[in-house]
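Below are the chains, spelled out letter by letter.
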Amino acid sequence: MSSANNVSLESAYSGVADNYRGEDVDLHAIYRDMRRNSPIIAENFMGKLGVPNIAGLDPNRPTFTVFRYKEVMAVLRDAANYTSGFIAEGLGAFFDGLILTGMDGEAHKKARALLQPIFMPEVVNSWRDTKMDPIVREEFLLPLVANKKADLMDFGLLFPIRLIYSLIGFPGNDPEKIKQYAAWALAILAGPQVDAEKAAQARKAAMEAAKALYDATHEAVVEVRAKGAEGDDLISRLIRAESDGRRFDDHEVTTFVRSLLPAAAETTTRTFGTLMTLLLERPELLARMRADRSLVPKAIDEAIRFEPVATFKVRQAAQDLELAGMAIPKGAMVQCIVSSANRDEEAFERSEEFDIDRKPKPSFGFGFGPHMCIGQFIAKTELQVALNAVLDLMPNLRLDPEQAPPRITGAQLRGPKHVHVIWD
């Protein structure tokens, strides 16, 4: 049995957080200063903080970093001049190069068009009351209610995995298997490392995990196909889908599904932790939300603006370009600091305040443009279901005074490690 089989979900989750954590500095203060004084710099800002590079490329390749809303918007919306194919060489190497975020042009359009139907609001909404809500309440929260105390991150780690794997079409009656698959998916994310010695070890573990996840996914694909692939799940839809007059074989379906898994749950987990932290720090806002559930989606959107989990996006210049008055040579990397752009004073009034009543305006927590996160509607729906269930089942929810208060940390994959709460 390979060592990949011994990865526990909890250790994989905290390992990924530690890997991308960077230095413990006041990032928002640094970003404020950069927006004002150095809105674009010719250096790898995140690399200097100790955050590994998912591009997996020559470290000497020129890198530029942008901090303001207008430049981040310009880069992310222009997929012709600022491309993503380099990701296939880095993180994508663990997925045979087939990874949606690492595709450009026509290939990206086609792949996205095939996957899009499962992620549409009508599909997700039909699934919300029949699957999502009962799973969250009956499997996760009701067994906790009598305890009157919990670390909400224990729930936050498990429910998105359970929901997304069910939507993809993995058999739902074996929670231990699903936890193992999710642990492998996280081990793949830990593949890129800063430290050269750790990198070789992490790469080996990531490759083992990718192989184990491929085998498990392939097994599910074969099983779904054998049963007629008639369901509403992603595997069934991919088996039935046609592209250029042909259907996908089991290998192609497996590779596609596997490439979605690392991002499928852990971003939702961290967003849930951040959302709960921001609300629990503001008891009057939590009480207002308990009384008026129409505010729940607004709180989720504002949490994603205020403290995005994925704090930066990287693109590559397809030709010589100019950005914010600086010449960007063809092939250079452009790092967009989403966390900074989302608090740009020129784009948002009182940008450093958590205000769920602000006028809606695009922020970049789920990216922007052609590569905007395909699963964002699922993630937001999962968060709505979870927050509503928590408010229903945990009266007078508040931070546990006997435990350390939650802290939102990390230069990348940002969120709290623990959210200790009590209720009546």
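Going by the structure above, here's the rest.
About the thresholds
- Residues numbered from 1 in each chain as written.
- Predicted model: local features only at pLDDT ≥ 70, side-chain atom pairs only at ≥ 80, totals over all residues.
- Heavy atoms only, no water.
- Buried < 20%, exposed > 50% of the residue type's maximum accessible area, 1.4 Å probe, protein only.
- Helix = DSSP H or I, 4+ residues; strand = E, 2+ residues; numbered from the N terminus.
- Pairing = 2+ DSSP bridges.
- Contact = heavy atoms within 4.5 Å.
- Phe/Tyr/Trp six-rings, centres within 6.5 Å; stacked < 30°, edge-to-face > 60°.
- Lys NZ or Arg CZ within 6 Å of the ring centre and 35° of its normal.
- 1 Å grid on protein atoms, 1.4 Å probe; cavity = no way out; pocket = protein on both sides within 12 Å on 5 of 7 lines; lining within 4 Å.
- Points joined across faces, edges and corners; volume = space filled by probe spheres on them.
- Nonpolar A, V, L, I, M, F, W, Y, C, P; charged D, E, K, R; others polar.
- Core = buried A, V, L, I, M, F, W, Y, C linked by side-chain atoms within 4.5 Å.
- Axes fitted to C-alpha atoms, helices over the stretch in contact; angles between N-to-C directions.
- Parallel < 35°, antiparallel > 145°, perpendicular 65-115°, else oblique.
- Left-handed = near helix turned anticlockwise from the far one by under 90°.

**Section: the pairing of strand β2 (residues 63-66)**
Strand residues, when the strand is regular, have side chains that alternate between the two faces of the sheet.
At step 1: On β2, burial covers both faces: T63 and T65 on one face and F64 and V66 on the other are all buried.
At step 2: Across two bridges, the pairing between strand β1 (residues 40-41) and β2 is antiparallel. Directly across from I40, in β2, lies its bridge partner V66.
At step 3: When β2 meets strand β10 (residues 333-337), the two strands line up parallel, connected through four bridges. What sits directly across from T65, in β10, is Q335.

**Thoughts on the environment of G331**
At step 1: Note that G331 resides in the loop between β9 (326-328) and β10.
At step 2: Contacts of G331, omitting those with residues within four sequence positions, involve R61, Q316 and A317.

**Thoughts on the packing of aromatic side chains**
At step 1: Taken as a whole and assessed by the stated rule, the structure comprises 16 aromatic pairs.
At step 2: Judged by centre distance (5.2 Å) and plane angle (90°), the rings of F45 and F67 are edge-to-face. On the criterion of sequence distance, the pair formed by F45 in helix α3 (residues 45-48) and F67 in the loop between β2 and α4 (69-77) is long-range, its members being 22 residues apart. An identical accessibility class is assigned to F45 and F67; each is buried.
At step 3: Through a chain of ring-to-ring contacts, three or more aromatic side chains come together here, namely Y69, F348, F364 and F368.
At step 4: One residue, R305, lies across the ring of F348, its end atom 5.1 Å from the ring centre.
At step 5: The cationic tip of K361 hangs over the ring face of F348; the distance from NZ or CZ to the ring centre is 5.7 Å.

**Looking at empty space enclosed by the protein**
At step 1: In total, this model carries three cavities of 30 Å³ or more according to the counting rule given.
At step 2: What the second largest cavity holds in volume is close to 60 Å³.
At step 3: Lining the second largest cavity are eleven residues, with A182, L186, L261, A265 and E266 sitting closest to its centre.
At step 4: Of all the secondary-structure elements, those providing two or more residues to the lining of the second largest cavity are α7 (152-168), α8 (175-189) and α11 (250-280).
At step 5: With five residues, α11 is the single largest residue contributor to the lining of the second largest cavity.
At step 6: Its residues placed into classes, the lining of the second largest cavity shows ten nonpolar, no polar and one charged.

**Section: the nonpolar core**
At step 1: F155, Y165, F170, I235, F272, M276 and M289 are the most contacted members of the largest nonpolar core, which has 92 residues in total.
At step 2: The biggest single contributor to this core is α11, with twelve residues.
At step 3: Excluding residues that lie within four positions of it along the chain, F272 makes contacts with L152, F155, G156, F159, L383, A386 and V390.
At step 4: Grouped together as the second largest cluster of nonpolar side chains are 22 residues, V72, M73, L323 and A341 included.

**Focus: the packing of helix α13 (residues 296-306) against helix α15 (residues 376-393)**
At step 1: It is the contact of α13 with α15, at a shortest axis distance of 10 Å, that shows an interaxial angle of 120°. When the axes of α13 and α15 are compared, the pair comes out oblique. Here α13 and α15 pass one another in a crossing that is right-handed. Listed contacts from α15 to V296, P297, I300, D301 and I304 of α13 are K380, L383, Q384, L387 and N388.
At step 2: Within the contact of α13 with α15, the residues separate by chemical class into six nonpolar, two polar and two charged.

**Focus: α13**
At step 1: With eight of eleven residues buried, α13 lies mostly within the body of the structure.
At step 2: Considered for burial, the residues of α13 that qualify are V296, A299, I300, E302, A303, I304, R305 and F306.

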